[in-house]
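Residues per chain, in single letters:
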Amino acid sequence: MAENMLMHSSDGQGYSPSVPGSYSHQMPAKVPPHQASGQYNYSGSQNVSQLNNFQGPGQTLNRPPVAPFSGSPVQQTGPGPQVLPPALPNSAAISSAGGFPPGASPPVLSNWQYGQTPVSQPGGSQTSHLAQGTGTGSAQPPSSLSGNTNPPGSYQYAASPGGPPLQNSYMKPATPHPSPAPPNLKMNRSVGYSYPALPPGYQNTSPPGAPGVQTSALQYPDGSKHFHQPALGTNHLTASMAGLNLQQEGLKPVNLLQERNILPTTLLKPPVPNLHEEIQKLNCNPELFRCTLTNIPQTQALLNKAKLPLGLLLHPFKDLSQLPVVTSSTIVRCRSCRTYINPFVSFLDQRRWKCNLCYRVNDVPEEFMYNPVTRVYGEPHKRPEVQNATIEFMAPSEYMLRPPQPPVYLFVFDVSHNAIETGYLNTVCQTLLDNLDLLPGNTRTKIGFITFDSTIHFYSLQEGLSQPQMLIVSDIEDVFIPMPENLLVNLNENKELIQDLLKTLPQMFTKSLETQSALGPALQAAFKLMSPTGGRISVFQTQLPSVGMGALKSREEPNQRATAKDIHLTPSTDFYKKLALDCSGQQVAVDLFLLSGQYSDLASLGCISRYSAGSVYYYQSYHHKHNPVQVEKLQKELKRYLTRKIGFEAVMRIRCTKGLSIHTFHGNFFVRSTDLLSLPNVNPDAGYAVQMSVEESLTDMQVVSFQSALLYTSSKGERRIRVHTMCLPVVTTLSDVYLGADVQAITGLLANMAVDRSVSATLSDARDALVNAVIDSLSAYRSSVLSIQQPGLMAPHSLRLFPLYVLALLKQKAFQTGTTARLDERIFTMCQVKNQPLVYLMLMTHPSLYRVDNLTDEGALNINDRTIPQPPILQLSVEKLSRDGAYLMDAGSVMFLWIGKNCGQNFISQVLGVPNYGSIPQNMTHLPELETAESIRTISFISWLREQRPFFPILYIVKDDSPLKSSFLQNMIEDRTESALSYYEFLLHIQQQVNK
């Protein structure tokens, strides 16, 4: 059996033998704390193995279960388990020794420990205001929440009538597992690469739920029974029996070599956890928080047997149309593990609640007895905190180590000859001018500007000056700030000077012949300027930095772009990483905009954003004249970047039920203590992932819970805590583990692990590991779950798209072989894998293909009086294209509209606005807005797709003889390319390995 290196090797970053799915049954070593408190570990990995010299994207921890990270003694709290010393929520004032500043008392945010859940239930109303979300693709929760999140003052919340409490079980009642029906054994005669024809009706069956555990009365370990309020009636256990036939569908094996049409015609929805519907209704929206396995294996041995990774994917700061906001002097948390009260705790009686992560029994504070929504006393289980899996608290002063910082924005512009030549400065300055009033902030907002070539230029915006004053620092070896004040100024009080500067900047350097780039010193200067407050640095760079600290040399040889041995995915210097960690310590994040036609070593430069919780934007070959579509892309994305919500001086912690443990984090941040993610800035477009293992068996538990808490300062200067809680069932059989597998979440987590593997080992190791993940899981399914061995390649229904998605990853720019991908482009795609929320990552990996020359209003959506057609999604294969059609491919950050040679005259004239196929221009990137039904439908569909993401996909119109045709065909995942197998060949390869 192929050994899966992603899961198993202990030399790569984050793949220690304790990784979920590894073969050995070892538990993570209980190592002593491995570094002095407060020291930064500049290696990027915090795995306690021989990784210290690796600068990689993942930050891995083998966390000693309870050993405190710093040198302070472990505190004992009453009868509860030991807890870590409190960590710092607002970590701006951490002293270098890692302790608290003198005189500061430890805040309550984080006596933190991974806890472990027996069953607990919300004893309360079942009216949920949070979108169930699991069954719908929509990002909007239903409108029963009040959307008003601004004014403080009791609860901004819509009232809800209560329902009876749940009675005895978390799970839906189970039916005995049906034995898998033998597949239809008629074989199609044709051999080779054609598929047997199957009716398309098979396409869209996915199980909404799954058989679970038999219901039984809930007994808590201490013998207490669930508290019922007698007034509410107790006859409420009618679990829905509908959908049982679909559950059996979920268990039915799929022969991938025979069944051709397995791609759903609509976007794939996440599986719905098999919980009692009243509990599932309260669960977290999967767009914010989802797990690779919606049925959690009871033991690590069972997880190892399934050969699937266990982990979470988060989008914690996503823009929400409704969010309950609670302003209360008491934030109710477990005294032992510091979990926030949530819908999955249980009330033993009116005065006591049991934590769903560590099972400690806590008192209900007096204030919590009154429900401001229903204005009733004595119903704590109906409070908004216990009715919503996603909620935001206004934090009181004990959640601050210093007064909340003002929003501070510093812009750093490359003005070398090369930069001026691209023309980017005009676009950026104009976009900034247009959006100055929309920058998130308040009367305290500050702004500043630095420009650089071989020297660094500061701009004094002192009140009373008739125009901005430029100060040049030419000593780049020892950078200093020429004057302490007036370089960062109040935006509202100095708006005219700021506008003057933005209007004149693009012209100031047009005659410059200065070709050098002192990016490192400019960033050092920016850091010094921002350190006292914290904030955001936005740096625009167009070439390889060539002088001063952080200067780099070209490492790309065009002919060797993808020889797997020698591609430079690791940074060539640790300068940018060290500076990023300094920034992180002072609550400064750096966002990098790279606009470059030449190699700029993004592998090294990207570290400045990765470890400071910033983001990277890359505009390849940006030029205002030669590449005008990039100008529109930069404008649109910069507008979103400047005006979107932002959180400052943030920290995030993820807690889970006792028995589960988190060991590797993915995303842009720095792990400050064993489990506290430092996020100097947090933005609504960033995703994160974590890998987990089952440290102790989850026996006697029906469910486990996960909770993420993000503490941040809003742009209005409020300290807020956004909490998401998710509850999932525990299962004891392998077939149940497969039944609840979330194939998209699994693919997303494996992609993150593969990026780390490419960097710590080689690209070919990462590719092998991805393929082995498929082989190992399907082998385990075949040998341990299927009762009858059948010919073909059998997969559980939940994983039927797994081989297709992995093949798509292998063909994605981050992991493909062949010489087409430039090195910076490959690195940028890897950055996106680590930082994109799952929904965008999946679209970049497996694009959606639609036929658009025959759009109708049948099944269309109606949004704000617009009709949005909903054409079916097609498989990514040339055989799905017809010469007489037009097809739209949505690949996330780019779109292609392919026009067939014999496309109907109607579409060409009514949508493209040209008389015939021959007159379609070669480099057409916009559709004309015509007053025809066809044009309106096509444009509204494309606009609707674009509106759902934070970046702006350029639309390329592609003809048969267009140079872009190869890019379009490159995304046809199911077809063969020069260096990659077709889907059918890939399945044959997998089958051969599985049947070994």
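- As annotated in an unreviewed UniProt entry, the protein chain carries the name SEC24 homolog A, COPII coat complex component and comes from Calidris pygmaea.
- Looking at the protein chain in UniProt, the text filed under Sequence similarities (unreviewed entry) is "Belongs to the SEC23/SEC24 family. SEC24 subfamily."

1. Digging into the overall build of the protein chain
Stage number 1. Scanning the protein chain from terminus to terminus reveals 22 helices and 36 strands.
Stage number 2. Counting every position in the protein chain, which comprises 996 residues, the buried fraction comes to 64%.
Stage number 3. Counting contacts in the protein chain only where the partners sit at least 6 residues apart, residues at least 24 apart contribute 78% of the total.
Stage number 4. Per element, the accessible surface of the protein chain, about 34800 Å² overall, is 52% carbon and sulfur.

2. Side note on the sheet that holds strand E9 (residues 352–354)
Stage number 1. Across the sheet, which stays open at both edges, the 3 strands sit in the order E8-E9-E10 with antiparallel pairing between neighbours. Edge positions in the sheet fall to strand E8 (346–349) and strand E10 (361–363), since each has one partner strand and no second. Averaged over neighbouring strand pairs, the angle between their axes works out to 35° when direction is ignored.

3. Some details on unusual backbone geometry
Stage number 1. The phi angle at Asn486 is positive, at roughly 75°, despite the residue not being glycine.
Stage number 2. Mapped onto the fold, Asn486 is located in the loop between strand E17 (469–473) and strand E18 (489–490).
Stage number 3. Judged by relative accessible area, Asn486 falls into the buried class, the value being 18%.
Stage number 4. Positive phi is not limited to glycine here, since Glu649 has a value of about 35°.
Stage number 5. Assignment of secondary structure puts Glu649 in strand E22 (residues 647–656).
Stage number 6. Overall, the relative accessible area of 0% leaves Glu649 in the buried class.

4. Regarding a nonpolar patch on the surface
Stage number 1. A contiguous nonpolar surface patch, about 260 Å² in accessible area, is contributed by Met470, Ile472 and Met508.
Stage number 2. On the secondary structure map, Met508 appears in helix H7 (residues 495–508).
Stage number 3. Overall, Met508 belongs to the partly exposed group, its relative accessible area being 36%.

5. Comments concerning the pairing of strand E30 (residues 848–851)
Stage number 1. Pairing geometry for E30 and strand E34 (residues 886–890), over 4 bridges, is antiparallel. In the sheet register, Arg851 faces E34, and the bridge partner there is Tyr887.
Stage number 2. When E30 meets strand E33 (residues 873–874), the two strands line up antiparallel, connected through 2 bridges. Within the sheet, the bridge partner assigned to Tyr850 lies in E33 and is Ile873.

6. Points about the pairing of strand E20 (residues 588–596)
One face of the sheet, then the other: side chains in a regular strand alternate in exactly this way.
Stage number 1. Of all 9 residues in E20, 9 are buried; the element is thus mostly enclosed.
Stage number 2. Here strand E19 (residues 535–541) pairs with E20 via 7 bridges, running parallel. For Val539, the partnering residue across the bridge sits in E20 and is Leu592.
Stage number 3. Taken together, the 5 bridges between E20 and strand E21 (residues 616–620) define a ladder with parallel strand orientation. Residue pairing for E21: Leu595 is matched across the bridge by Tyr619.

7. Remarks on H7
Stage number 1. For H7, spanning 14 residues, the distance from its first C-alpha to its last is 20 Å, which sits close to the expected 20 Å at 1.5 Å a residue.
Stage number 2. When H7 is considered as a whole, its buried residues turn out to be Leu497, Ile498, Leu501, Leu502, Leu505 and Pro506.
Stage number 3. Residues of H7 that are buried in the fold lie against strand E14 (408–414), helix H6 (424–435), strand E15 (446–452), strand E16 (456–460) and E18.

8. A closer look at the side chain of His846
Stage number 1. With respect to the secondary-structure elements, His846 resides in the loop between helix H18 (838–845) and E30.
Stage number 2. In this view, His846 contacts Leu263, Leu804, Tyr805, Ala808, Leu876 and Ile973; residues no more than four positions away in its chain are not counted.

9. Structural notes on the nonpolar core
Stage number 1. One finds Leu312, Leu660, Phe706, Phe802, Ile899 and Leu912 to be the most contacted residues of the largest nonpolar core, which totals 200 residues.
Stage number 2. With sequence-adjacent residues up to four places away left out, Phe706 is seen in contact with Phe289, Ile296, Leu312, Arg655, Cys656, Leu660, Met692, His724, Thr725, Met726 and Leu728.
Stage number 3. Membership of the second largest hydrophobic core comes to 39 residues, among which are Tyr459, Tyr617, Tyr619 and Val631.

10. Remarks on the sheet that holds E33
Sheets are built from strands that pair by backbone hydrogen bonding, the pairs being arranged parallel or antiparallel.
Stage number 1. Taken in spatial order, the 5 strands line up as E33-E30-E34-E35-E36 in an open sheet, and their pairing is mixed. Of all strands in the sheet, those with a lone pairing partner are E33 and strand E36 (954–958), marking the two edges.
Stage number 2. Across the sheet, helix H20 (residues 933–947) lies against E30, E34, strand E35 (894–899) and E36, angled at about 10° from E34, the strand it touches most.

11. Here's the deal with the pattern of salt bridges
Stage number 1. Inspection of every chain in the model, using the stated rule, returns 35 salt bridges.
Stage number 2. Notably, a salt bridge pairs Asp349 with Arg352, separated by 3.1 Å at the nearest N-O pair.
Stage number 3. The partly exposed category is assigned to Arg352, whose relative accessible area is 34%.
Stage number 4. Close ionic contact of Lys901 with Asp960 constitutes a salt bridge, the shortest N to O distance being 3.8 Å. Placement of Lys901 in the loop between E35 and helix H19 (905–910) and of Asp960 in the loop between E36 and helix H21 (965–970) is noted, with a sequence separation of 59 residues between them.
Stage number 5. Residue Asp960 is classed as buried on the basis of its relative accessible area of 13%.
Stage number 6. One salt-bridge network, in which partners are shared between bridges, spans Asp319, Arg640, Arg644, Lys645 and Asp685.

12. Comments concerning the packing of aromatic side chains
Centre-to-centre distance and the angle between the planes together describe a pair of aromatic rings.
Stage number 1. Within the structure shown, the criterion is met by 25 aromatic pairs.
Stage number 2. Ring geometry for Phe413 and Phe449: centres 6.4 Å apart, planes at 25°, overall stacked. One end of the pair, Phe413, is in strand E14; the other, Phe449, is in strand E15, with 36 residues separating them in the sequence. Considered together, Phe413 and Phe449 belong to a single accessibility category, that of buried residues.
Stage number 3. Relative to Tyr781, the ring of Tyr738 lies with its centre 5.5 Å away and its plane at 85°, an arrangement referred to as edge-to-face. Of this pair, Tyr738 sits in helix H13 (residues 734–739) while Tyr781 sits in helix H15 (residues 763–784), and the two are 43 residues apart along the sequence. Neither residue differs from the other here; Tyr738 and Tyr781 are each classed as buried.
Stage number 4. Three or more aromatic residues joined by ring pairs form one cluster here, namely Phe411, Phe413, Tyr424, Phe449, Phe540, Phe593, Tyr617 and Tyr641.
Stage number 5. Between the NZ or CZ atom of Lys577 and the centre of the ring of Tyr611, over which it lies, the distance is 4.4 Å.
Stage number 6. In this structure, Lys645 is placed above the aromatic ring of Phe317, and the distance from its NZ or CZ to the ring centre is 4.4 Å.

13. Some details on the side chain of Glu825
Stage number 1. Looking at where Glu825 falls in the secondary structure, it is placed in helix H17 (residues 823–835).
Stage number 2. A distance of 3.1 Å separates a polar atom in the side chain of Glu825 from a polar atom in the side chain of Lys813.
Stage number 3. Apart from the residues within four sequence positions on either side, Glu825 is in contact with Tyr618, Gln620 and Lys813.

14. Remarks on the environment of Thr515
Stage number 1. Following the sequence through the fold, Thr515 ends up in the loop between H7 and helix H8 (519–530).
Stage number 2. Through-space distance from the C-alpha of Thr515 to that of Asp453 is 7.2 Å; in sequence the pair is 62 residues apart.
Stage number 3. The contacts of Thr515, once residues within four sequence positions are left out, are Ser416, His417 and Gln543.

15. So, helix H22 (residues 983–994)
Stage number 1. The end-to-end C-alpha distance of H22 is 16 Å, a good match for the 16 Å that 12 residues give at a rise of 1.5 Å each.
Stage number 2. Burial of H22 is extensive: 9 of the 12 residues sit out of reach of the surface.
Stage number 3. Looking only at H22, the buried set comprises Tyr983, Tyr984, Glu985, Phe986, Leu987, Ile990, Gln991, Gln993 and Val994.
Stage number 4. If you follow the buried residues of H22, they end up packed against H15 and helix H16 (802–811).

Reading guide: rules and limits
- Every chain's residues receive numbers from 1 upward, in the order its sequence appears when written.
- A pLDDT threshold of at least 70 governs which residues receive local features in this predicted model, and a stricter bar of 80 or more applies before side-chain atom pairs are shown or counted, although totals over entire chains, interfaces and linings include all residues.
- No hydrogens and no water enter the side-chain calculation; it runs on all heavy atoms of the structure.
- UniProt positions are given in the numbering used here, feature names are shortened, and annotations may be inferred rather than shown by experiment.
- Helical segments are the DSSP runs of H or I of at least four residues, strand segments are the runs of E of at least two, and each set is numbered from the N terminus.
- The buried label applies to any residue whose accessible area, calculated with a 1.4 Å probe on protein chains only, is under 20% of its type's maximum; exposed applies above 50%, and partly exposed to all values in between.
- Two residues form a contact once any of their heavy atoms are found within 4.5 Å.
- Computed with a 1.4 Å probe, the accessible areas rest on the Shrake-Rupley method; for each residue, only the protein chains presented here act as cover.
- A pair of strands is considered paired only if DSSP assigns at least 2 bridges between the two.
- All axes here are fitted lines through C-alpha atoms, helices being fitted over the stretch that makes contact, and every angle between N-to-C directions spans 0 to 180 degrees.
- To count toward a patch, a residue needs a relative accessible area over 30% and no salt bridge; like charges are then connected within 9 Å, while nonpolar side chains (Val, Leu, Ile, Met, Phe, Trp, Tyr) are connected within 5 Å.
- In what follows, salt bridge is the name for a side-chain nitrogen of Lys or Arg lying within 4 Å of a carboxyl oxygen of Asp or Glu.
- Expected span of a helix: the number of residues minus one, times 1.5 Å.
- Put simply, a nonpolar core is a bunch of buried Ala, Val, Leu, Ile, Met, Phe, Trp, Tyr and Cys residues held in one set by side-chain atoms that sit within 4.5 Å of each other.
- Think of it this way: a Phe, Tyr or Trp ring, Trp meaning its six-membered ring, pairs with another when their centres are within 6.5 Å, and the plane angle makes it stacked under 30 degrees, edge-to-face over 60, tilted otherwise.
- Look at NZ for Lys and CZ for Arg. If either is within 6 Å of the ring centre and within 35 degrees of the ring normal, a charge sits over the ring.
- Under this definition, polar contacts are N or O atom pairs within 3.5 Å; protein pairs additionally need one hydrogen-donor-capable and one acceptor-capable atom, and for neighbouring residues in sequence, both atoms have to be side-chain atoms.

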